[in-house]
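Reading the structure
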Amino acid sequence: MDSRSHTHVTAALRLCLHALLTGLLALAAVRAVGGDAPHAGAVVALTLVTAVVYGAGALASSPLAAGAGARAGTGARATSVQQGALTPSVRPGTRAAALWLAGLCALWLALLVLSADALWVAFPLYFLQLHLLPTRWGIPAVAVTAAAAITSFVVHRQEIAPGAFIGPLLGAAVAVATVLGYDALFRESERRRELIVELVATRAELAEAERTAGTLAERERLAREIHDTLAQGLSSIQLLLRAAERTLPDQAPATAHVRAAREAAQANLAEARSFVRALTPPDLEHGSLAAALERLCARTTAPGLTVRFAVSGTPVELPTPYEVALLRTAQSALANTVRHAGAGRAEITLSFMDTSVALDVVDDGRGFDPSGAPVDERGDGGFGLPAMRSRAATLGGTLSVESAPGQGTALAVTLPVTVPAQDGERAA
């Protein structure tokens with residue numbers, strides 16, 4: 001139920017309540033005049049006063065039941081229409097509403113003393129009391145109103161009949177069930193509306209995440225291709241030209257051309273590497289791999305989970321594909337920990353050794369059986385252990401996983417590191 005349909009329904013209910021109370025007051029007046037009742041004039045006067053008081057309160061109130069689920073303490077559902085500049089609005093749960101309802105009930109009780117036909121006005125009063133008063137006061141007020149109607153019937157008719165009790169009590173029960181049922185339906189519709197809004201927002205976020213993931217994947221592919229082809233080729237050309245330049249005599253005619261070719265290769269290699277850096281993941285654009293991993297740990301959150309990061313050894317500059325592979329492995333491993341491990345503690349350690357670099361991700365979660373889950377072992381839906389293992393193998397490294405049900409998980413990626421080339425050239 002959207003807000004528009006809710007407004008239409010409550011407007012119809014409000015009009016029906018107005019018509020019911022007005023009709024019952026008119027019935028009491030007509031029967032008093034037509035039946036030559038002893039206090040016909042007083043009954044007519046009281047019905048008119050009651051109608052005027054009710055009309056004034058109706059004009060000063062917001063749509064009745066416009067938020068049956070928002071009675072006193074559950075939300076705002078009434079907007080005010082002032083009766084003069086200094087008159088407070090009649091809203092559910094307010095003092096003005098309580099005073100107006102008390103005056104209306106007092107007039108009804110006076111009318112009830114004069115005419116037995118006034119007991120039927122109790123039925124619209126039930127709905128008013130349940131609407132304007134908190135539940136803890138509305139239901140007792142309905143019970144008192146029903147008791148007054150029954151007492152009036154017994155006093156005026158001088159007899160005790162089952163209908164005298166069944167009618168008012170049944171009406172009170174129907175009113176309570178209707179209002180509370182509408183209240184429950186309204187709350188449920190609000191929950192459904194909020195859920196739909198959340199689902200729409202989540203769908204948009206997922207679509208954006210998929211586009212971002214596709215863009216990042218393509219950037220990584222291009223960076224890897226440029227590094228593995230153009231950059232490596234230019235680096236080899238530069239080294240060969242450097243060696244040729246050293247073997248040529250200083251006064252040889254070809255020396256100047258070889259030197260110019262080497263410098264051109266060096267300049268183009270720098271350009272290629274700048275392209276690779278521009279295409280690397282955003283986390284690696286501003287800082288080192290260690291800084292990116294530390295930020296990853298800081299922003300990884302889950303109920304009861306603490307993530308820590310540590311660096312072991314002396315950090316060295318790594319090739320871009322190494323940094324991307326280690327960062328993506330850490331992201332995927334932490335995502336699995338958050339989604340499936342139920343861990344209270346996770347640790348990422350980046351270790352720099354003489355001939356290799358290693359990334360260890362350890363958690364104390366529920367663990368799993370690596371041999372029993374050949375594809376997407378921990379169900380991350382896209383970048384499971386096979387993908388991590390393939391990325392490590394592409395760079396000549398290895399991936400090892402140690403885990404067992406109830407004993408946590410330890411994942412380690414090891415990549416070989418060779419001595420940097422002369423003049424700052426990094427090895428592939």
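Cut-offs and rules
Residues numbered from 1 in each chain as written. Predicted model: local features only at pLDDT ≥ 70, side-chain atom pairs only at ≥ 80, totals over all residues. Heavy atoms only, no water. UniProt positions renumbered as here; feature names shortened; annotations may be inferred. Pairing = 2+ DSSP bridges. Helix = DSSP H or I, 4+ residues; strand = E, 2+ residues; numbered from the N terminus. Axes fitted to C-alpha atoms, helices over the stretch in contact; angles between N-to-C directions. Contact = heavy atoms within 4.5 Å. Core = buried A, V, L, I, M, F, W, Y, C linked by side-chain atoms within 4.5 Å. Buried < 20%, exposed > 50% of the residue type's maximum accessible area, 1.4 Å probe, protein only. Salt bridge = Lys/Arg side-chain N within 4 Å of Asp/Glu carboxyl O.

The name an unreviewed UniProt entry gives the protein chain is Oxygen sensor histidine kinase NreB, with Streptomyces microflavus as the organism. UniProt lists a comment for the protein chain under the heading Catalytic activity (unreviewed entry), and it reads "ATP + protein L-histidine = ADP + protein N-phospho-L-histidine." Recorded in UniProt under Subcellular location (unreviewed entry), the annotation for the protein chain is "Cytoplasm".

1. Considerations on the sheet that holds strand β2 (residues 345-352)
The mixed open sheet is built from five strands, whose spatial order is β1-β2-β3-β5-β4. A single partner strand is all that each edge strand has here, and the edge strands are β1 (306-312) and β4 (398-403). Pairwise comparison of adjacent strand axes, ignoring direction, gives a mean angle of 10° for this sheet. Where helix α9 (residues 320-341) meets the sheet, it contacts β1, β2, β3 (356-363) and β5 (409-416), and its direction lies at approximately 10° from that of β3.

2. Describing the nonpolar core
In this structure, Tyr54, Trp108, Val121, Tyr126 and Leu128 are the most contacted members of the largest nonpolar core, which totals 39 residues. Looking at this core, the elements that each hand over two or more residues are α1 (3-34), α2 (40-60), α3 (95-114), α4 (122-132), α5 (135-157) and α6 (162-247). At nine residues, α3 tops the list of elements feeding residues into this core. If sequence neighbours within four positions are ignored, tyrosine 54 has contacts with Leu17, His18, Leu21, Trp100, Leu104 and Leu128.

3. Some remarks on the UniProt feature "coiled-coil region" (unreviewed entry) in the protein chain
Feature annotation in UniProt assigns "coiled-coil region" (unreviewed entry) to the following positions: residues 192-219. Annotated as residues 192-219, this span is 100% helix and 0% strand, and its ends, taken at the C-alpha atoms, are 40 Å apart.

4. Remarks on the pattern of salt bridges
What the rule picks out here adds up to seven salt bridges. Between glutamate 347 and arginine 345 there is a salt bridge; the shortest N-O distance is 2.9 Å. Exposure remark for glutamate 347: the relative accessible area of 30% places this residue in the partly exposed category. One network of salt bridges, in which partners are shared, links Glu188, Arg191 and Arg192.

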